[in-house]
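Letter by letter, the chains look like this.
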Amino acid sequence: AVWTGSASIGPSAIEKSVPSHDEDISAVMMRRARCLHVASYSTDPASNLIMLSKEYSQDKSNGQGGASNNQELWRLWNWIERVEFLCEDAFELEESGEQSLWPVKSLVDAGATHLLHMDDEVDEGMKSESLQCITYDSPMRGAAMASCGWTGKDGLLDILNEEEKIGNFERAAALAVFHGEF
């Protein structure tokens, strides 16, 4: 079959270097794979985050409000980058003879559910004065929260500052409340 329709849809749409709001996923994947960005889409989380951030900014500046699939992909690659960093940091600590609090060696085992079920210990319940309720803590809970980006190597304040810097004020507030930091 020969395509005789508009040049803005159909086979020639795959050749576009700029995304459009009604772009088919196959065209999105082709454009990203063809390295039409300074940072090409690959298995490198950092370059994918750069590329997705640029696409999101372009979408917003074009009045498209930012494509939600770009935000979802950005969150996925952000999680992958965070977990890879935690695994790499744990490996370096073990190489230097120190013990790491990060319990897994690869991305495969780094899901929150898997982390929470790695240890048979029962979580210790403690009364939180700021939250006025019982809170629970364990090493595996800490690992799961680190995997989700709710705690960090440099502490909660750094995460809150980073979230506020990128405009995620609601997430920063939720994390502060979750940790009892008012």
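Model, not experiment: these values are computed from the prediction.

Conventions adopted
- Residues numbered from 1 in each chain as written.
- Predicted model: local features only at pLDDT ≥ 70, side-chain atom pairs only at ≥ 80, totals over all residues.
- Heavy atoms only, no water.
- Helix = DSSP H or I, 4+ residues; strand = E, 2+ residues; numbered from the N terminus.
- Buried < 20%, exposed > 50% of the residue type's maximum accessible area, 1.4 Å probe, protein only.
- Contact = heavy atoms within 4.5 Å.
- Axes fitted to C-alpha atoms, helices over the stretch in contact; angles between N-to-C directions.
- Parallel < 35°, antiparallel > 145°, perpendicular 65-115°, else oblique.
- Left-handed = near helix turned anticlockwise from the far one by under 90°.
- Nonpolar A, V, L, I, M, F, W, Y, C, P; charged D, E, K, R; others polar.
- Polar contact = N/O pair within 3.5 Å; in protein donor to acceptor, adjacent residues only side chain to side chain.
- Salt bridge = Lys/Arg side-chain N within 4 Å of Asp/Glu carboxyl O.
- Arc of directions from axis to C-beta.
- 1 Å grid on protein atoms, 1.4 Å probe; cavity = no way out; pocket = protein on both sides within 12 Å on 5 of 7 lines; lining within 4 Å.
- Points joined across faces, edges and corners; volume = space filled by probe spheres on them.

Trainee: Help me out: how do you make sense of the overall build of the protein in this one?
Mentor: Within the protein one finds 7 helices and 2 strands. Counting from the amino terminus, the protein carries its helices and strands in the arrangement α-α-α-α-β-β-α-α-α. Out of the 182 residues in the protein, the part that is buried amounts to 26%. Sequence-distant contacts, at least 24 apart, represent 39% of the contacts inside the protein between residues at least 6 apart.

Trainee: Can you help me understand the packing of helix H6 (residues 156–165) against helix H7 (residues 169–178) in this one?
Mentor: Axis angle and axis distance: for two packed helices, these are the angle between their axes and the distance between the axes, and together they describe the pair. Contact geometry of H6 with H7 gives a least axis separation of 7 Å together with a crossing angle of 160°. Our classification of the angle between H6 and H7 gives roughly antiparallel. Of the two elements, H6 crosses H7, and the hand of that crossing is left-handed. In this structure, H6 contributes Leu156, Ile159, Leu160, Glu163 and Glu164 to the contact, and H7 contributes Phe169, Arg171, Ala172, Leu175 and Ala176. Its residues assigned to classes, the contact of H6 with H7 shows 7 nonpolar, no polar and 3 charged.

Trainee: How should the environment of leucine 76 be read in this particular structure?
Mentor: Relative to the helices and strands, leucine 76 is located in helix H3 (residues 68–95). A relative accessible area of 41% places leucine 76 in the partly exposed class. Between the C-alpha atom of leucine 76 and that of proline 45, which follows or precedes it by 31 residues, the distance is 9.1 Å.

Trainee: Quick question: what am I supposed to make of the environment of arginine 82 here?
Mentor: Structurally, the position occupied by arginine 82 is in helix H3. On the basis of relative accessible area, arginine 82 is assigned to the partly exposed category, the value being 22%. Looking at arginine 82, its side chain comes within polar contact range of the main-chain oxygen of serine 147, at 2.7 Å.

Trainee: In this structure, what is going on with the pattern of salt bridges? I would like to understand it.
Mentor: Side-chain pairs of opposite charge can arise where the charged atoms are in close proximity. What the rule picks out here adds up to 3 salt bridges. One salt bridge in this structure joins lysine 105 and glutamate 94, with 3.1 Å as the shortest N-O distance. One end of the pair, lysine 105, is in the loop between H3 and helix H4 (112–116); the other, glutamate 94, is in helix H3, and 11 residues separate them in sequence. For the salt bridge of glutamate 163 with arginine 171, the shortest nitrogen-to-oxygen distance reads 2.8 Å. For glutamate 163, a relative accessible area of 11% gives the class buried. Classification of arginine 171 as partly exposed rests on a relative accessible area of 27%.

Trainee: Can you walk me through the side chain of glutamate 163 in this structure?
Mentor: Structurally, glutamate 163 is set in helix H6. Here glutamate 163 is in contact with Asn168, Phe169, Arg171, Ala172 and Leu175, once residues within four sequence places are set aside.

Trainee: Where do I start with helix H1 (residues 25–33) in this structure?
Mentor: Since one α-helical turn is 3.6 residues long, residues separated by three or four positions face the same way. Ala27, Val28, Arg31 and Arg32 are the residues of H1 that are buried. The arc enclosing the buried residues of H1, seen along the axis, measures out at 130°, which places them on a common side. Facing away from the buried side of H1, by more than 90 degrees, are the exposed residues Met29 and Ala33.

Trainee: Any chance you could explain the layout of surface pockets here in plain terms?
Mentor: In this approach a probe as big as a water molecule rolls over the atoms, and the regions it shows empty are the leftover space. Counted as a void, the largest pocket has a volume near 1500 Å³. Considering the residues around the largest pocket, the lining is formed by 40 residues, among which Asn78, Arg82, Gly149, Ile159 and Glu163 are closest to the centre. Examining the composition of the lining of the largest pocket, we find that 13 residues originate from one element, H3, more than from any other. Tallied by class, the residues present in the lining of the largest pocket amount to 17 nonpolar, 13 polar and 10 charged. By volume, the second largest pocket is sized at about 510 Å³. Together, 19 residues line the second largest pocket, and Thr135, Tyr136, Asp137, Met145 and Phe178 are the ones closest to its centre. For the lining of the second largest pocket, the secondary structure elements donating two or more residues are H4, strand S1 (124–128), strand S2 (133–137) and helix H5 (139–148).

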